Structure formats: C-alpha cells, structure tokens
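Inside the fold
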Amino acid sequence: MSTVAPPRPEAVPEIEPESNGLVASFNSVDTVLEAVRVLRSGGIERIDVHSPHPIHGLDDALGLKGSPLPWGAIAGAAIGLGSGIWMAWWMNAVDYPFIISGKPLFSIIPSLPIAFELAILFAAFAVFGGAIAFGGMPKLANQKFRIPSFARATDDRYVLAVDSRDKCFDLVGTRALLDEVGGEGVTDIPPVATSEKRIPRTVWMAAAVLCVLALVPAVLIAKARNSTSTKPRLSFVSDMDHQPKFKPQTTNSFFPDGRSMRPQVEGTVARDDLREDDQYYLGRNSGHGGLAANAAEKDSDGWVTAFPLTVDESLIRRGRERYQIFCATCHGQGGDGDGLVTLRALELEQGTWVKPTSLHAEPIRGQPVGRLFNSISNGVRKMPGYASQIPVRDRWGIVAYVRALQRTRAATSADVPSEILPNMRELN
Amino acid sequence: MASTAGPENLDQIRAAAMLRISGQRVATPAVLGGCALATALTVALMSQDGPRRLAHAWLLNGWFTLSISLGALFFIGLQHLVRAGWSVTVRRVAEVLGASISNPLILMAPLALLLFFGYCGLFPWNDGELVASDRILQNKSTYLNAPFFAVRAVFYAGTWVFIARWYLKASCRQDQNGDTKTTTRLESRSAPILLLLGVTVTFAAFDWLMSLDPHWFSTIFGIYAFSGAMVAGLSVIAIIVAVMIRRRITEAINCEHLHDVVKLLYGMNCFWAYIAFSQYMLIWYANIPEETVWLKLRQEQGWDGMQTILAVGHFIVPFLVLMPRAAKRNTVVVIAMSMGLLAMHWVDLYWIIYPQFADSPAFGLIEVATGIGFVALFFMLAIKMLCSAPIIPIRDPRLTESVTHVVP
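Residues numbered from 1 in each chain as written. Chains lettered and ligands numbered in written order. Predicted model: local features only at pLDDT ≥ 70, side-chain atom pairs only at ≥ 80, totals over all residues. Heavy atoms only, no water.

Moving on, we get to the overall build of chain A. Each helix and strand counted, chain A has 16 helices and 6 strands in total. Against the globule reference of 22 Å for 428 residues, chain A gives a C-alpha radius of gyration of 44 Å, more extended than a compact globule. Along the first, second and third principal axes, the C-alpha set of chain A runs to 130 × 70 × 45 Å. Expressed as a percentage of its 428 residues, the buried residues of chain A come to 27%. Long-range contacts, defined here as pairs at least 24 residues apart, represent 65% of the contacts in chain A between residues at least 6 apart. Accessible area for chain A stands at about 29800 Å²; split by element, carbon and sulfur atoms hold 59% of it. (Helix = DSSP H or I, 4+ residues; strand = E, 2+ residues; numbered from the N terminus. Rg over C-alpha atoms; globule rule 2.2 N^0.38 Å. Buried < 20%, exposed > 50% of the residue type's maximum accessible area, 1.4 Å probe, protein only. Contact = heavy atoms within 4.5 Å. Areas by Shrake-Rupley, 256 points an atom, 1.4 Å probe, with all protein chains shown as cover.)

Here is the structure:
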C-alpha cells in the first residue's frame, strides 16, 4: 500500500484488512509531542511513539497510566520474604531439627538474610517476567519493521504510529492530520497476510519432535529407578572411581605381611619433631612402649611417678588456667565431676553420658602422674584425648594442678601458711 | 534538554537568589538556645545524679547536631566526586549545614576538658582506680587516655571544620568570580576528603560513643554512626528543601530536587537498617559474652522497647511510606517523615548512650533542655550563614543542568 487510497466515505470496515495503521516521522521532540497532543485532542488514543531516547513528558502527552509493574515487584518481594522465613523455619525446626550452639531451633534473626536475598530475587523475577508479559513478548515480528523509514527511530527520527483499531481512526482523515502537524513520510503499516499469520508446518513438526525427545531422559530415569540390575553401575570417569592406590587400614597382597600401611623403617628419625624423652612426652619410662594387655598390667606399666619437669608456681598457675578452660566444663571447677556439661547431660537424662570420675576418688588419687598425663593425652573411656589441643608442657601443668586440687581435700591446718591461719574458722 | 530555561530565565533565578532572606530572626534561636542550656545546667546541678546525666545528654545532643553536619559534608563530597549536575541548587543548603559544625564542636569541648580534671562519670576508662584493677583497661590505656583522646578529638574537629569551611568558602567565592577551575578543584579534592571524613567519623564514633563501654568493641560501629549521620544530614536537607518549595523561595529548587534528595535519604536509611541489623546479627550469632554484654544491657529494663521502636520507626515505616514516587515528591509527607527520622536518629543515639549509666529509660527536663539548646544554637549558625550568601551557587557551571533537572 504505497499509493493513497481514494476517499471512501462509508468504507471504514473495508479499510481494516488493508492497513494496520499509519506511521509518520518527526525530526524533533517538540514536533512529535505537539503531534501527539493534536491527535489526542482529535480523539485518537491508540498512539505509540518510537524514539531513540527517553522523552520527558511523553508519558503525560500519551496519557499513559502508571505501570502496575511496581505492584508486581512488591508482591514478589513479599512472597520472597515469606518463603525465605518459611524455608528457614521448615528446614531448621521441622525437617531436620538440630540444636547448634544452644540456639533456638527457629529464630527470626538468622532467617532474615536469606529472606532478604529471596525478596530481592523474587522481586527481580516479578519485574523481569512482568516486563516481558506487559511488553507482549515474545513477538516474532512487527509489521512496522517492513517500513524502511521506521529504522531511523533508532537513530535520528521520532516515529509516531497510529493503530488502525482506534475508534476514531480514519485512513484518509488521520493521514491528512499527520501531514498537517508536520509528519514526514506518512506511510501505511502493511496488514499481515493471512498466510503469514500461521506458524509454518515445519516449526510445528520440530516442536513435536522436541517434545517427544524431551520425554526420553525422564523415561530412562524412571525405568532405572524402578528396576533392579545385577550389573555394576555405569562409571563415567573410571580412573577417578578406581584409583591405583593403597587405602589405610586395608589388606594388600603386594607385601608379605599383607598390610598396605607400611611401618616405619628401623631407625627412622622424625624431622623437627624428635620426641626421645618418653618420660616427658608419654609419661612412662622407656621400654614400656607397647599397649597394656589388661588394666592390672596397665597400672604397673612403667608410669613415671615423679614430674619429669620442674614444678613451680607459674606451671601450676598455667595448669589451673588450662584446667578451667578444657577440663572444668565436665569435671567441674573443683574436680568433683560436676561441670556444667555434666549437670546438663544428667538433667536431660542422656543415656550415653558417662559421669566423669571424681578426681578426688581414691583410685585417681593413687594414680602415678604419668598415668594422669596419659589420660589427658589419649583420653579414657568416653573422654577424648586432648593431645592435639593442649601442648605437652600445659598437660603437665594440668597434672600438677590436679595434684594440687587433690591435696586440698586432704589438707590439714599444717598445710596453711601461718599468716592466714588465724583468719580461718573451724568447720565441723 | 527542554529549552524552557533560557539564559534570561537563569538570570532571573540568579537575581532572585541574590535577594537574601532577611536575617532578623537569628537573635531568637540564640537566646532560646542559651536559656535552654542554662536551664539544663541549673537543673542538673541541683540533683545528685544530675551532672552525670547532663554529661550524657550533652554528648547525645552534641553528636546529634554534629551528625547533621557530617551527613551534609558527606553529601557535598559525594556530589562533587560524581560530578552531579542535579544537586547544584541544593548544595548551598548542605554547605551551610556542614559549616555549622563548629557550634556543636565548641559546645562539646568541655566534655574533653573535664577528662583532665579526672572526671570519669562519662568515660569509665578515665578512672585510674578502675583501670588499675582491670587488665583489659590497662591494655587499652595506651589508646584510651585523656591526653591522647583530646589530641584525637582536636584532630577530628579541626579536620571537619577545615573541610566544611573550605567547601563553603570555595563555593561562595565562585558566586562572585564564576571561576570554573573552582569546580574542578572541588571535584578532585573531594576524593581524599571523603576518605578523611570516613576515617575521622569512624574513629570519632569509636572514641566518643563506643568507649562509653570501654570493654566492648564492634568494628562495624563506625559505619553504623556514619549511616546514622547520613540519615540525619539528608533529613535536614530534605526538610529545608521542602520548606523552600512550599514557600516558593526560588524556582531553582523544586520537586525534582526534593525527589532526588529523598531517594538518597531513602537509600541511606535502608543502609542504616542493613548495618544495624548486621551488627546485631553477628553478635547474636557468635554469642560471645564480651560482645553480647552491650546488647544484653540494651534488651532489658525497658531498653528492649526502644529497640522495637527503632526497627519500626527508623526503618519499616519510612521504608513503606517513602517507597512510592508520589510520596517522595510530596512536601508534606517528606517533612513529616524526615522529622520522624530525625526523632528516630535521636532515639538511636539515646539507645546507644543512655544505657551506659541509666538503669531504665529516663526522659526529662535535662534531655529536653539540652536538646533544644544544641538544636537552636546549631540552626542559629546555619540560618545566619544561609542569610549571608545566595541560597544557590549562582555561578556554578552546572547550574543550568540543575535548574532544568527532571527526574525521569
């Protein structure tokens, strides 16, 4: 439709299939804004302006109402906020309740960061999806693209388009009006041919094939999940699944003794970490390296009976500090086995909890210092070893402090310094 | 873009801006402020725990007015740094607010001087006996001692006063000679100035607010104080801009500028909430006694209610009310919300400072009178300076851009 149609006074329904509307180019913001005002004062509402840049005041001139998109954003944010809090509550308090650091199973405070992130994410989804939906996308083609002059709307022209579906649209009258307000190159928007409105058969075929193919993995997975097989599972990266290496604590036929973990070669010396002094590092006399076969033998297992280091006030003070940090939580400040953890475990009636033996019990009092040192280092019964957490010297400090604690229960007035003695009072 | 503000229109605007607001009302706030402070002093000296309460009220209201200036200074630095065009016409308001910083600083000087007379009612680390019996305070005493504290305070104050006066003077000189080099100089120096402001505000917050509990520490505290200052400064700028629009003082300042100021205020208020929550959550999660002790004190004896007030009044209400575009352009809404935010900033500082000595929230004549005194004397200086200079930078090279600014 490049020629001007002759005037047809009663022909409005017949024009519709021939034209989708009109476009006109303008070369300044002021003229296009003026054209919009003139057209709207003539009752035409279905107007669009294509511009290379945003134009202030165009929304008002076109009479565009505010977009509902912000409401979508705030709704998305609210849903995200709610689902974040719900998720934190469900996972921590319902699905897998697990007390961490004595915190409540659910608390609003740690849930807020994830709720905040989800609020932003869902708001972004709402805006992204809303912008696409309100923009009428996906749109495969636009008839305006067929007009050569329309391309300049991305460069140096402001293109005004009037839709033929407007109630006041009249091909001749509107064209005249556009010419009058200074529109250049007023052109019809070509109508869509009926043949072009259909999606081609090949596209349908391809879509159908893709849909069928998409079912294949799902079917295979469903089959695999609901059937058994005697074959080993598929190994996609077999050299990672099956590595030629010796794993600890396994047998291996390569060596005569059948062990894959190799003992150290005779005469091996540890680098930087030579611990020759067994009395100091192990708490026992040399030559008693093996494990004791039974408890009775263990008692006479060569434990050192005298401290292998100088015991002075600073060592005992250090020992007291370490004891209060590492030991007192279970053993209690006084060593009676009444630490806070113990009290709490007994209160909860935890069947697996073994109450620590009082350090003032006779068997413990009788133990040599080396044995106490060994208990701290390697643990005893349910008590874990503390060798990795407490340095050797500090462990001896704790032993010294425990000895001091034990002595307090068997002290007499002779043990008290004479200048303090007058201030003390007799107990029954 | 729009050709409505031609040169002749701009000249009119310039001429109108030169007509100074009549400065006859300066005496009223001066007398009011002086009387209020004198009242607070008298009332405080008459009761037994009055002096200690007055010291805290003094610090609270000092920091409150100070933070308005600091927020304004950050605003100016930021606008120069990003070479903003829109904000030129509201910048003079910020410059004047920034330059008023000397008043709260002078008024707060006695607090630092008292330290040399052994006063430890405000800062416990100045108590020699307490420090001698406290190993943590002994270790901190190389930093927390009266002479070094005073040296640092003088450094902060000097830096701020210097920056504030430099911004105002350079801008006013440009009003006369129209030298565009002034603008380039302001821009290039704003980067180090913002760094300096950031460091001084952080350490001032550590010194003047955090060391009220010398055992407690929080590395985020400086940003917390900074975000509060931004909220306070932008609130006052928004209020003044809104009042100027309502009074039709100049057509160079209109709803477009208000909209952008309030957008910044809105963002900084969200930032405050973010920082406040971050500080709270990290302490809550780590649950270490030496950190929780500060919050525990503030969650008992009625202080917990203030926490709720802050969460709702400082964040949730302004967040929802100021969210729509229309609200940010409505002078009545903006004035109401900014006033509310200023009140909340005061409550925030009250919640930081007062639990250190008061068993439960106490609010009386001392707080009111000190508050009136500081605010009146602060704005006396601001009004005086605003009256002695054009209300917009009339020869700024970006004036046209600012006058024709439209929020898209």
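Listed per partner, the contact involves 10 residues of chain A and 11 residues of chain B. Between chain A and chain B, the buried area comes to about 1000 Å², and carbon and sulfur atoms account for 83% of it. Together, His56, Lys103 and Ile109 of chain A form the three largest contributors to the area buried by chain A at its contact with chain B, with a combined 55%. At the boundary of chain A and chain B, one finds 0 salt bridges. In this structure, the connection of chain A to chain B is made through 1 residue pair in polar contact (both at pLDDT 80 or more). No other element matches helix α5 (residues 108–134) of chain A, which puts 5 residues into the side of chain A that touches chain B. Along the lines of polarity and charge, the residues of the side of chain A that touches chain B split into 7 nonpolar, 2 polar and 1 charged. (Buried area = accessible area lost by both parts, 1.4 Å probe. Salt bridge = Lys/Arg side-chain N within 4 Å of Asp/Glu carboxyl O. Polar contact = N/O pair within 3.5 Å; in protein donor to acceptor, adjacent residues only side chain to side chain. Nonpolar A, V, L, I, M, F, W, Y, C, P; charged D, E, K, R; others polar.)

All names here are of chain A. Of all 6 residues in strand β1 (residues 21–26), 6 are buried; the element is thus mostly enclosed. Residues Gly21, Val23 and Ser25 line one face of β1 and the alternating positions Leu22, Ala24 and Phe26 line the opposite face, and both faces are buried. With 6 bridges connecting them, β1 and strand β3 (residues 158–163) associate as antiparallel partners. When the sheet's bridge partners are listed, Ser25 is paired in β3 with Val159. (Pairing = 2+ DSSP bridges.)

What follows concerns helix α2 (residues 27–46) of chain B. All names here are of chain B. When the terminal C-alpha atoms of α2 are compared, their 29 Å separation across 20 residues agrees well with the 28 Å that a helix rising 1.5 Å per residue should span. Looking at α2, one finds that the buried residues are Pro29, Gly33, Ala36, Leu37, Ala40 and Ala44. For α2, the angular spread of buried residues about the axis comes to 95 degrees, placing them on one side. Among the exposed residues of α2, those pointing more than 90 degrees away from its buried face are Thr28, Val31, Leu45 and Met46. Contact partners of the buried residues in α2: α3 (50–81), α5 (102–116) and α16 (365–387). (Expected span 1.5 Å × (residues − 1). Arc of directions from axis to C-beta.)

Here we take up the sheet that holds strand β4 (residues 184–189) of chain A. Residue and element names in this part refer to chain A. Taken in spatial order, the 4 strands line up as β2-β3-β1-β4 in an open sheet, and their pairing is antiparallel. This sheet does not close on itself; its edge strands, each paired only once, are β2 (47–50) and β4. Sheet twist, expressed as the mean angle between neighbouring strand axes with direction ignored, is 20 degrees. The sheet contacts of helix α2 (residues 29–41) involve β1, β2 and β3, and relative to β3 the element is tilted by about 15 degrees. (Axes fitted to C-alpha atoms, helices over the stretch in contact; angles between N-to-C directions.)

Attention now moves to α5 of chain A. For α5 of chain A, which comprises 27 residues, the first-to-last C-alpha distance of 36 Å matches the rise-based estimate of 39 Å (1.5 Å per residue) to within 8%. Where α5 of chain A is concerned, the buried positions are Ile109, Ser111, Ala115, Leu118, Ala119, Ala123 and Gly130 of chain A. Tucked into the core, α5 of chain A has its buried residues touching α4 (69–95) of chain A together with α11 (255–286) of chain B. Gly136 of chain A sits one or two residues past α5 of chain A and shows a positive phi near 70 degrees.

With that out of the way, let us pick up the environment of Leu171 of chain A. Take Leu171 of chain A: it is sitting in helix α6 (residues 171–180). For Leu171 of chain A, a relative accessible area of 5% corresponds to the buried category.

Bringing the packing of aromatic side chains into the picture now. Scanning all chains against the criterion turns up 42 aromatic pairs over all chains. A centroid spacing of 6.0 Å and a plane angle of 70 degrees characterise the contact between Phe307 of chain A and Trp396 of chain A, whose relative ring orientation is edge-to-face. Of this pair, Phe307 of chain A sits in the loop between α11 (295–299) and α12 (313–331) while Trp396 of chain A sits in helix α16 (residues 392–409); the two residues are 89 residues apart in sequence, bridging distant segments of the chain. Its end group placed over the ring of Trp284 of chain B, Lys103 of chain A keeps NZ or CZ at 5.4 Å from the ring centre. We note Arg298 of chain B situated over the ring of Trp294 of chain B; from NZ or CZ to the ring centre the distance is 3.8 Å. (Phe/Tyr/Trp six-rings, centres within 6.5 Å; stacked < 30°, edge-to-face > 60°. Lys NZ or Arg CZ within 6 Å of the ring centre and 35° of its normal.)

Residues and elements named next belong to chain B. At a minimum axis separation of 10 Å, α3 and helix α15 (residues 331–353) run at an interaxial angle of 140 degrees. Taken together, the axes of α3 and α15 lie oblique to each other. At the point where α3 passes α15, the crossing takes the right-handed sense. Taking contact as the criterion, the partners of His56, Leu59, Leu60, Asn61, Trp63, Phe64 and Ser67 in α3 are, on α15, Leu342, His345, Trp346, Leu349, Tyr350 and Ile353. Counted by class, the contact of α3 with α15 contains 9 nonpolar, 4 polar and no charged residues. (Parallel < 35°, antiparallel > 145°, perpendicular 65-115°, else oblique. Left-handed = near helix turned anticlockwise from the far one by under 90°.)

What follows is about the domain arrangement of chain A. When its domains are assigned, chain A resolves into domain 1 (12–194) and domain 2 (278–412). The centre of domain 1 of chain A, based on its C-alpha atoms, is set 76 Å off from the matching centre of domain 2 of chain A. (Domains from an automatic or database assignment.)

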